[in-house]
2 protein chains.
Amino acid sequence: MTIKEVSDKYQLSTDTLRYYEKVGLIGPISKNKSGIRDYKETDLRTIEFVKCMRQANMPIDKLIRYMNLYKEGNKTLEDRKQLLVEQLHKVEKEIQELEKAKERLCYKIDLYDHQLLEKNLSMEKETVL
Amino acid sequence: MTIKEVSDKYQLSTDTLRYYEKVGLIGPISKNKSGIRDYKETDLRTIEFVKCMRQANMPIDKLIRYMNLYKEGNKTLEDRKQLLVEQLHKVEKEIQELEKAKERLCYKIDLYDHQLLEKNLSMEKETVL
DNA sequence: TTACACCATGGAGTAGACTCTAAGTCAAGG
DNA sequence: CCTTGACTTAGAGTCTACTCCATGGTGTAA
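Scoring rules and cut-offs
- Residues numbered from 1 in each chain as written.
- Chains lettered and ligands numbered in written order.
- Predicted model: local features only at pLDDT ≥ 70, side-chain atom pairs only at ≥ 80, totals over all residues.
- Heavy atoms only, no water.
- Salt bridge = Lys/Arg side-chain N within 4 Å of Asp/Glu carboxyl O.
- Helix = DSSP H or I, 4+ residues; strand = E, 2+ residues; numbered from the N terminus.
- Buried < 20%, exposed > 50% of the residue type's maximum accessible area, 1.4 Å probe, protein only.
- Near = heavy atom within 4 Å.
- Polar contact = N/O pair within 3.5 Å; in protein donor to acceptor, adjacent residues only side chain to side chain.
- Nonpolar A, V, L, I, M, F, W, Y, C, P; charged D, E, K, R; others polar.
- Domains from an automatic or database assignment.
- Phe/Tyr/Trp six-rings, centres within 6.5 Å; stacked < 30°, edge-to-face > 60°.
- Lys NZ or Arg CZ within 6 Å of the ring centre and 35° of its normal.
- Contact = heavy atoms within 4.5 Å.
- Buried area = accessible area lost by both parts, 1.4 Å probe.

Side note on the pattern of salt bridges
Residues and elements named next belong to chain A.
Right, so step 1: One pass over the full model with this rule turns up 10 salt bridges over all chains.
Right, so step 2: A salt bridge links D8 to K4, with the nearest nitrogen and oxygen atoms 3.7 Å apart. A residue pair is termed a helical-turn pair when its members lie 3 or 4 positions apart in one helix, as D8 and K4 do in helix α1 (residues 3–10) at 4 residues.
Right, so step 3: With a relative accessible area of 46%, D8 lands in the partly exposed category.
Right, so step 4: The residue E86 makes a salt bridge to K62 at a minimum N-O spacing of 3.0 Å.

This is the structure we're talking about:
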């Protein structure tokens, strides 16, 4: 799979894909004789995971640490789990904050609806009189 | 209320508070004869709103636009509501993504627990034999 | 009155995560 | 053969949102 296809599939720019590879988040991706990347199934799975974790706001350096632990094999299970647990807590906290903001937004939008209604009513009155 | 007190109350650094004021997100804050800020009740309410919207990842320039509309008064009700509705959608989408990431994290943590269990069991066996 | 923590300003610097540019290679179609 | 478009690299540049710094004023407690 070419970089363009991967880019389209996961909505990540080719620059971002190369950047992720450069910093060690994915790959190294195998290349054909003329140096062009060919993404394999396992690469795609890594990319999907990375994308998901990035959407969960996991910082890139933490993700890199995770990937490095992964490469070190079985003896890092505990550490890797620890990183994920930490991240889970962060995600839960963030969800809470977003829910709070959401409530507030709904409340304010509601207020605006009322104000707009009143404004329109008073305009109508003016028109009638 | 001094800037330090506000900073403590809302967990925003004094630098951030001055920065918010400089870019027009809050204030201008009134100052005493020697130039020291004195935050009033209305300032605090604005700050709390700003903090909440920032936690909802509303970009600063959008927030500034909102504040400017607010200052323009009643005729901008519709536009302001529109901004909030947009932001609400963004927040809802983000919550969805975080929930997805959360599920994935839980799933992976579960897998790690199983793997760790197995690892420990096999170590015990080794110890016994 | 001196020490201390706090306040002010303008402007420079930083972190994180990309994003863009320049300069060049390669394969396919006209 | 030439053009076109996608690919490569290294490295510079950008954006957002702060955060820090130098320099100097303020206020109050001992």
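Next, the rest of the story.
Some words on the protein's contact with DNA strand D
Right, so step 1: Neighbouring DNA strand D are 17 residues, the closest being R18, K31 and R37 of chain A together with Y20 and S34 of chain B.
Right, so step 2: Here R54 of chain B contributes a side-chain N or O atom positioned 3.0 Å from a phosphate oxygen of DNA strand D.
Right, so step 3: The separation between a phosphate oxygen of DNA strand D and a polar main-chain atom of I60 of chain B is 3.3 Å.
Right, so step 4: When residues of the surface near DNA strand D are traced back to their parent elements, those giving at least two are α1 and α2 (14–22) of chain A together with α2 (14–22) of chain B.
Right, so step 5: It is α2 of chain B that contributes the most residues to the surface near DNA strand D, 4 residues altogether.
Right, so step 6: When grouped by side-chain class, the residues that make up the surface near DNA strand D number 6 nonpolar, 4 polar and 7 charged.

As for the domain arrangement of chain A
Right, so step 1: In terms of domains, chain A is made up of domain 1 (1–55) and domain 2 (77–129).
Right, so step 2: Inter-centroid distance (C-alpha atoms) of domain 1 of chain A to domain 2 of chain A is 35 Å.

Examining the packing of aromatic side chains
Right, so step 1: Under the definition given, this model contains 4 aromatic pairs over all chains.
Right, so step 2: Centroid distance Y19 of chain A to Y20 of chain A: 5.9 Å. Interplanar angle 45°. Geometry classified as tilted.
Right, so step 3: You can call Y20 of chain A buried: its relative accessible area is 8%.
Right, so step 4: Over the face of the ring belonging to F49 of chain A we find K108 of chain B, whose NZ or CZ atom lies 4.5 Å from the ring centre.

Here we look at the protein's contact with DNA strand C
Right, so step 1: Around DNA strand C sit 17 residues, and of these Y20 of chain A together with K4, R18, K31 and R37 of chain B come closest.
Right, so step 2: When atoms of DNA strand C within 4 Å of the protein are split into backbone and base, the sugar-phosphate part holds 78%.
Right, so step 3: The side chain of R18 of chain B places a nitrogen or oxygen atom 2.4 Å from a phosphate oxygen of DNA strand C.
Right, so step 4: K31 of chain B has a polar side-chain atom sitting 2.6 Å from a phosphate oxygen of DNA strand C.

Some words on the interface of chain A and chain B
Right, so step 1: Each side of the interface is counted separately: chain A has 36 residues, and chain B has 36 residues.
Right, so step 2: Of the roughly 3,600 Å² buried between chain A and chain B on both sides combined, carbon and sulfur atoms contribute 72%.
Right, so step 3: Three residues stand out in chain A for area buried against chain B, namely L98, L105 and Y112 of chain A, and they jointly supply 19% of the buried area on that side.
Right, so step 4: Remark: the boundary between chain A and chain B carries 4 salt bridges.
Right, so step 5: Between K81 of chain B and D113 of chain A there is a salt bridge, and its shortest N-O distance comes to 2.8 Å.
Right, so step 6: At the surface where chain A touches chain B, the tally comes to 9 residue pairs in polar contact (both at pLDDT 80 or more).
Right, so step 7: Elements with a minimum of two residues in the side of chain A that touches chain B: α3 (41–55) and α5 (77–128) of chain A.
Right, so step 8: Among the elements that line the side of chain A that touches chain B, the one with the most residues is α5 of chain A, at 27 residues.
Right, so step 9: A breakdown of the residues in the side of chain A that touches chain B according to their chemical character gives 18 nonpolar, 4 polar and 14 charged.

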